[in-house]
Amino acid sequence: MATPAEYYRSLPPVSKFYGVACLMTTSAYYLQLYDPYNIALFYGLVLKRFQVWRLITNFFFLGPFSFPFAFRLLMIARYGVSLERGPFDKRTADYVWMFVFGALSLLVMAAVPYLWSPFMGGSLVFMLVYVWSRESPNARISIYGLVSLKGFYLPYAMLAVDLLLGNPLKPSILGMVVGHLYYFLTVLHPRAGEKFILKTPLWVHKLVAFWGKGTQMNTPVQRDPSAGVAFRGRSYRLNGTRPSTTGQAETDSHAQAQQPNQADGVAFRGRSHRLNGR
């Protein structure tokens, strides 16, 4: 078995950063190094006193040390890490953008008084769970070793657990809404042949490159960029060679169309054979 240090080093960068940040925030609160009021989300203080850090810090507080806190931290360690190693493998910038999009969406929702919460880290974690459940719908999940179900139903099972434990359901439901919005815009909408409208911004790619962690080898599901490029003046021969100019490509294609196939058959060479073989 791997030691705790080996396990920590093996974690992917984004999930590791967020999980450690949440753990350190709660540890500092346990040591009474700060007042949670100073990092909570209050739009009045953001707008009137320009305390803009509240727009970010509220996502790193998952509550004091307790069973719900440990449960949320385990969700990051399991489902967040599984996402980063699976569907988002070699797509670090896209994974960071999913976090940014989720946080921005939750901040917009929090502008509605009924949907407001001083700390929205729990909703962000639940967004990870929802996206994972859509990316791994057939994975088998065991809830406390008592119930086994498919990954698709995991968010609803988590809601039932929160209900039984007396935890508020609103943060989890908001996380499910944001997770579905992200999955719809990045997977379902492009698969339906529509335009991909949630492309990872360039500044996120630059941030990941400056950070020097992770890689970016591909992009989320979208239409094939090579589709529909016929009639653009370029062509490729079957043997893989590329014509140097558009005119040459058209000339070669026309010449190949006029010449008979030299490799297979003698069609149109002026000979014929009767059915009786003579």
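Reading the values: rules and limits
- Residues numbered from 1 in each chain as written.
- Predicted model: local features only at pLDDT ≥ 70, side-chain atom pairs only at ≥ 80, totals over all residues.
- Heavy atoms only, no water.
- Helix = DSSP H or I, 4+ residues; strand = E, 2+ residues; numbered from the N terminus.
- Buried < 20%, exposed > 50% of the residue type's maximum accessible area, 1.4 Å probe, protein only.
- Contact = heavy atoms within 4.5 Å.
- Areas by Shrake-Rupley, 256 points an atom, 1.4 Å probe, with all protein chains shown as cover.
- Phe/Tyr/Trp six-rings, centres within 6.5 Å; stacked < 30°, edge-to-face > 60°.
- Lys NZ or Arg CZ within 6 Å of the ring centre and 35° of its normal.
- Axes fitted to C-alpha atoms, helices over the stretch in contact; angles between N-to-C directions.
- Parallel < 35°, antiparallel > 145°, perpendicular 65-115°, else oblique.
- Nonpolar A, V, L, I, M, F, W, Y, C, P; charged D, E, K, R; others polar.
- pLDDT = per-residue confidence, 0-100.
- 1 Å grid on protein atoms, 1.4 Å probe; cavity = no way out; pocket = protein on both sides within 12 Å on 5 of 7 lines; lining within 4 Å.
- Points joined across faces, edges and corners; volume = space filled by probe spheres on them.
- Patch = residues over 30% accessible without salt bridge, like charges linked within 9 Å, V, L, I, M, F, W, Y side chains within 5 Å.
- Salt bridge = Lys/Arg side-chain N within 4 Å of Asp/Glu carboxyl O.

Asks: Sorry, what's going on with the overall build of the protein chain here?
Replies: In terms of helices and strands, the protein chain carries 11 helices and two strands. From first element to last, N terminus to C terminus, the protein chain shows the α and β order α-α-α-α-α-α-α-β-β-α-α-α-α. The proportion of buried residues among the 278 residues of the protein chain is 37%. Across the protein chain, the fraction of contacts at a sequence separation of at least 24, relative to all contacts at a separation of at least 6, is 65%. Carbon and sulfur atoms make up 63% of the accessible area of the protein chain, which amounts to about 17600 Å² in all.

Asks: Looking at this structure, I do not really get the packing of aromatic side chains. What am I missing?
Replies: How two aromatic rings sit relative to each other is given by the distance of their centres and the angle of their planes. According to the stated counting rule, one finds 16 aromatic pairs in the structure shown. On the numbers, 5.2 Å between centres and 40 degrees between planes, the contact of tyrosine 37 with phenylalanine 42 is tilted. Pairing phenylalanine 67 with phenylalanine 71 gives two aromatic rings, centres 5.9 Å apart and planes at 15 degrees, and the pair type is stacked. In this pair, phenylalanine 67 and phenylalanine 71 are both assigned in helix 5 (residues 67-85), four residues apart and thus about one turn of the helix distant. Taken together, Tyr18, Phe60, Phe88, Tyr95 and Phe99 form an aromatic cluster joined through their ring pairs. The aromatic ring of tyrosine 114 is capped on one face by lysine 170, whose charged end is 5.6 Å from the ring centroid.

Asks: Just checking my understanding: could you explain the packing of helix 8 (residues 154-165) against helix 9 (residues 170-191) for this structure?
Replies: In a packed pair of helices, the relevant descriptors are the angle between the two axes and the axis-to-axis distance. For the pair helix 8 and helix 9, interaxial distance at closest approach is 10 Å and the crossing angle is 170 degrees. Taken as axis vectors, helix 8 and helix 9 run roughly antiparallel relative to one another. Each of Pro155, Tyr156, Leu159 and Asp162 in helix 8 lies in contact with helix 9, whose residues at this interface are Ser172, Ile173 and Met176. When grouped by side-chain class, the residues that make up the contact of helix 8 with helix 9 number five nonpolar, one polar and one charged.

Asks: I'm lost on the confidence of the model for the protein chain in this one. Help?
Replies: Low-confidence regions, as indicated by low pLDDT, have predicted coordinates that should not be scrutinised in detail. Chain-level statistics for the protein chain give a pLDDT mean of 80 and a share of 76% at 70 or above. The secondary structure element of the protein chain with the lowest average pLDDT is helix 11 (residues 246-258), at 41, and the one with the highest is helix 4 (residues 54-57), at 96. With pLDDT under 50 throughout, residues 220-270 is counted as low confidence; its partners more than four residues away or in other chains account for 27 contacts.

Asks: Is there a simple way to explain the layout of surface pockets in this structure?
Replies: Unoccupied space between atoms shows up once a probe the size of one water molecule is rolled over them. Empty space within the largest pocket amounts to approximately 610 Å³. Surrounding the largest pocket, 19 residues form its lining, Phe17, Phe60, Val96, Phe99 and Val100 being those nearest its centre. At the level of elements, helix 2 (13-30), helix 4, helix 6 (92-110) and helix 10 (202-211) are the ones that each hand at least two residues to the lining of the largest pocket. The greatest single-element share of the lining of the largest pocket, amounting to six residues, is contributed by helix 6. Taken together, the residues that form the lining of the largest pocket break down as 19 nonpolar, no polar and no charged. There is about 330 Å³ of room inside the second largest pocket.

Asks: Looking at this structure, I do not really get a nonpolar patch on the surface. What am I missing?
Replies: On the surface, a cluster of nonpolar side chains totalling about 560 Å² of accessible area is made up of Leu23, Tyr30, Leu31, Leu33 and Phe65. One can find tyrosine 30 in helix 2. Judged by its relative accessible area of 59%, tyrosine 30 falls in the exposed class.

Asks: Sorry, what's going on with the pattern of salt bridges here?
Replies: Applying the stated criterion to the full structure yields three salt bridges. Linking aspartate 89 and lysine 90 is a salt bridge whose minimum nitrogen-to-oxygen distance equals 3.6 Å. You can call lysine 90 partly exposed: its relative accessible area is 43%.

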